[in-house]
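Spelled out, the chains give:
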Amino acid sequence: MIFSTRFHARLAEEGINMSDWLARITGRKSSADEAKERLKFVLIHDRTDINPETMEKLKDDLLKAISNHVSIDMRSAKISMLHEGREQRLIAEIPLKPGSDRR
Amino acid sequence: MTAKISTITSGKGGVGKTTTTANLAVSLADMGQKVVCIDSDIGLRNLDVVLGLENRIVYDLVDVVEERCRIRQAMIKDKHFNELYLIPAAQTRDKNAVSPSDMVRVCDELRDDFDWVLIDSPAGIERGFRNAVAPADEVLVITNPDVSAIRDADRIIGIIEAEQKGPANLIINRLNPQMVKRGEMLDADDVIELLAVNLLGIIPEDEQVIISTNIGKPVVLEPRSRAGQVFRNIARRMMGDDVPLMDLDYKDDFFHKISRAFGGGGN
């Protein structure tokens, strides 16, 4: 008990919100964070009409096309939508395999 | 005099369009402005009860559109302000009785005699919403900090921009600072980031709003109401006054900051 009170005080001193901190140790996000993440996802699809299936297919096709020319790390390739104001942008982050640029 | 036509809409129902329309109308009238508000929610009339004018209705918007009366005959004068009027919605007609061009015509007729025409839009994205937006010079979108209201607000903002009525201005209603503090409600910053629009104001959840609606006296007429103070500040922003937005930091006492940042001298 003493431990926890002291601990709490220290958290407060450091300006750390208890619920944030609890969320951090338990690895759980706050429901507000979850709402924000879910909304981000939903709004992207509402705005663009690109459903997750289409997105996956796009990603596959894109990676296939690129790998015809350079050797890429398929597993850590990321393709995502970026909000810029109310505009959407498709962002691809595709790591090359080491040494692939040297021929 | 050339009235500015301002439409209050939301997408989702029940987020506070009518309450906002009534309170902004009263705030503007209180600032000496000549104001008409139009309830464009045909079949689901409500602005009359929020303003406490339900017993005075003789003619309505559909009567004006169908030329059964002159526009002045359908305008109900407010109890508190001589230069505040309501044109009520028809309660028994279907919503197709009015078209977007009818709304443009009615508003054009009002333009010369007033400073503001506030249009209370129905929920949804159908005819009633199109009617409300057609004559608008500016559109205010009301949302609550919850997922469905925000999602619908986003749809509405997209349509408003596509119709060249943008940029939309956002009012976040019913924000509960304690819940935000606990991480159980989206913060205004999050909402703005998600929707990427101008923020016109953040109205905190306030029981006084319901009490005021019970008695048909808009909450801005209660000098001590937090929500009332925010409505007055939003009206000032609509007038072009530079009233700073609150500092969205919930670590400190929220309401202290709200009143300080909004320039209200109250406390």
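Residues numbered from 1 in each chain as written. Chains lettered and ligands numbered in written order. Predicted model: local features only at pLDDT ≥ 70, side-chain atom pairs only at ≥ 80, totals over all residues.

K.L.:
Looking at this model, I keep getting lost on the overall build of chain A. Mind explaining?
P.N.:
The helix and strand tally for chain A stands at four helices and two strands. Taken from the N to the C terminus, the helices and strands of chain A come in the order α-α-α-α-β-β. Taken over 103 residues, chain A has a buried fraction of 4%. Taking as baseline every contact in chain A between residues at least 6 positions apart, the subset at least 24 positions apart corresponds to 34%. (Helix = DSSP H or I, 4+ residues; strand = E, 2+ residues; numbered from the N terminus. Buried ≥ 20, exposed ≤ 12 C-beta atoms within 10 Å, placed from the backbone. Contact = placed C-beta atoms within 7 Å.)

K.L.:
Is there a simple way to explain the confidence of the model for chain B in this structure?
P.N.:
Detailed reading of predicted coordinates is not advised where the pLDDT is low. Residues and elements named next belong to chain B. Per-residue confidence for chain B averages 92 on the pLDDT scale, and 92% of its residues sit at or above 70. Segment residues 247-252 is flagged for pLDDT under 50; beyond a separation of four residues in sequence, or across chains, it makes eleven contacts in the model. Note on residues 263-267: pLDDT is under 50 here. Beyond four places in sequence and across chains, it has eight contacts. Taken over the whole predicted complex, pTM reads 0.79, whereas the ipTM for its chain interfaces reads 0.81. (pLDDT = per-residue confidence, 0-100.)

K.L.:
Sorry, what's going on with the nonpolar core here?
P.N.:
In a soluble, globular protein the nonpolar side chains are often hidden away together inside. Ranked by size, the top nonpolar core spans 85 residues in total, and within it Ala25, Val35, Val36, Leu61, Val117, Leu118 and Val141 of chain B carry the most contacts. Apart from the residues lying within four places of it in its own chain, the contact partners of Leu61 of chain B are Ile38, Ser40, Ala74, Ile87, Pro88, Ala89, Ala90 and Val98 of chain B. (Core = buried A, V, L, I, M, F, W, Y, C linked by C-beta atoms within 7 Å.)

K.L.:
Could you clarify how one ought to interpret the pairing of strand E5 (residues 116-120) of chain B in this entry?
P.N.:
Remember that side chains alternate between the two faces of the sheet whenever the strand is regular. All names here are of chain B. Among the five residues of E5, five are classified as buried, and the element is accordingly described as predominantly covered. Burial of E5 is two-sided: the residues Trp116, Leu118 and Asp120 facing one way and the residues Val117 and Ile119 facing the other way are all buried. For strand E1 (residues 4-9) and E5, the ladder comprises five bridges, and the chain directions are parallel. By the bridge assignment for E5, Lys4 is matched with Trp116. With five bridges connecting them, strand E2 (residues 35-39) and E5 associate as parallel partners. Bridged to Cys37 within E5 is Leu118. (Pairing = 2+ DSSP bridges.)

K.L.:
Before we go on, may I ask you to explain the interface of chain A and chain B in this structure?
P.N.:
Often, the extent of an interface is quoted as the loss of accessible area on bringing the components together. Between chain A and chain B, the residue contacts involve 20 residues of the former and 15 residues of the latter. Elements with a contribution of two residues or more to the side of chain A that touches chain B: helix H2 (18-26) and helix H3 (31-48) of chain A. Tallied by class, the residues present in the side of chain A that touches chain B amount to six nonpolar, six polar and eight charged. (Nonpolar A, V, L, I, M, F, W, Y, C, P; charged D, E, K, R; others polar.)

K.L.:
Whenever I open this one, unusual backbone geometry confuses me. Can you help?
P.N.:
With the exception of glycine, most residues fall at negative phi, and the peptide bonds are largely trans. All names here are of chain B. In this structure, the amide linkage connecting Gly166 to the following residue, Pro167, adopts the cis form with an omega of -5 degrees. Looking at the secondary structure, you find Pro167 in the loop between helix H7 (147-162) and strand E7 (169-175). Backbone geometry places Glu67, a non-glycine residue, at a positive phi of 60 degrees. Along the polypeptide, Glu67 turns up in the loop between helix H3 (61-65) and helix H4 (71-74). By the C-beta count within 10 Å, which is 7 here, Glu67 ends up exposed. If you check the backbone angles, Arg174 has positive phi at about 65 degrees while not being a glycine. Within the secondary structure, Arg174 is located in strand E7. Arg174 gets classed as buried once you count the C-beta atoms within 10 Å, which come to 21.

K.L.:
Help me out: how do you make sense of the sheet that holds strand E6 (residues 138-143) of chain B in this one?
P.N.:
Whenever strands of a sheet pair, they do so through backbone hydrogen bonds, lying parallel or antiparallel. All names here are of chain B. Strands sit in the order E3-E4-E2-E5-E1-E6-E7-E8 across an open sheet of eight strands; the sheet is mixed. Both outer strands of the open sheet, strand E3 (76-77) and strand E8 (198-204), are each paired with one neighbouring strand and no more. Here E6 pairs with E7 via four bridges, running parallel. For Thr143, the partnering residue across the bridge sits in E7 and is Ile172. Sitting on the sheet, helix H9 (residues 188-195) is in contact with E6, E7 and E8, with an inclination near 145 degrees to E7. (Axes fitted to C-alpha atoms, helices over the stretch in contact; angles between N-to-C directions.)

K.L.:
Just checking my understanding: could you explain the packing of H3 of chain A against H7 of chain B for this structure?
P.N.:
When two helices pack together, their arrangement is given by the angle between the helix axes and by the axis-to-axis distance. Running from N to C, H3 of chain A and H7 of chain B point in directions that differ by 30 degrees, and their axes come no closer than 10 Å. With respect to each other, H3 of chain A and H7 of chain B are oriented roughly parallel. When the axes of H3 of chain A and H7 of chain B are compared, the crossing they make is right-handed. Each of Ala35, Arg38, Leu39, Val42, Leu43, Asp46 and Arg47 of chain A in H3 of chain A lies in contact with H7 of chain B, whose residues at this interface are Val147, Ile150, Arg151, Asp154, Arg155 and Gly158 of chain B. Its residues placed into classes, the contact of H3 of chain A with H7 of chain B shows six nonpolar, one polar and six charged. (Parallel < 35°, antiparallel > 145°, perpendicular 65-115°, else oblique. Left-handed = near helix turned anticlockwise from the far one by under 90°.)

K.L.:
In this structure, what is going on with the pairing of E7 of chain B? I would like to understand it.
P.N.:
All names here are of chain B. Of all seven residues in E7, seven are buried, a share of seventy percent or more. Handedness of the E6-H7-E7 crossover: right-handed. Summarising the sheet, E7 and E8 pair through five bridges and their orientation is parallel. Residue Ile172 lies in a different strand from E8, and its bridge partner there is Ile202. (Right-handed = clockwise from strand over helix to strand, strands pointing away.)

K.L.:
What's the story with the environment of Thr18 of chain B in this structure? I'm lost.
P.N.:
Residue and element names in this part refer to chain B. Relative to the assigned elements, Thr18 resides in helix H1 (residues 17-30). On a C-alpha basis, the gap between Thr18 and Val49 in space is 9.8 Å, while along the polypeptide they are 31 residues apart. Among residues more than four places away in sequence, those in contact with Thr18 are Asn46, Leu47, Val50 and Asp120.

K.L.:
Teacher, can you tell me more about H9 of chain B here?
P.N.:
Along an α-helix, residues three or four apart share an orientation, since each turn contains 3.6 residues. Among the residues of H9 of chain B, Ala188, Asp190, Val191, Leu194 and Leu195 of chain B are the ones counted as buried. Relative to the axis of H9 of chain B, the buried residues are bounded by an arc of 160 degrees and lie together on one face. In this fold, the buried residues of H9 of chain B make contact with H3 of chain A together with E6, H7, E7 and E8 of chain B. Of the residues trailing H9 of chain B, Ala196 of chain B is marked for its positive phi of about 50 degrees. (Arc of directions from axis to C-beta.)

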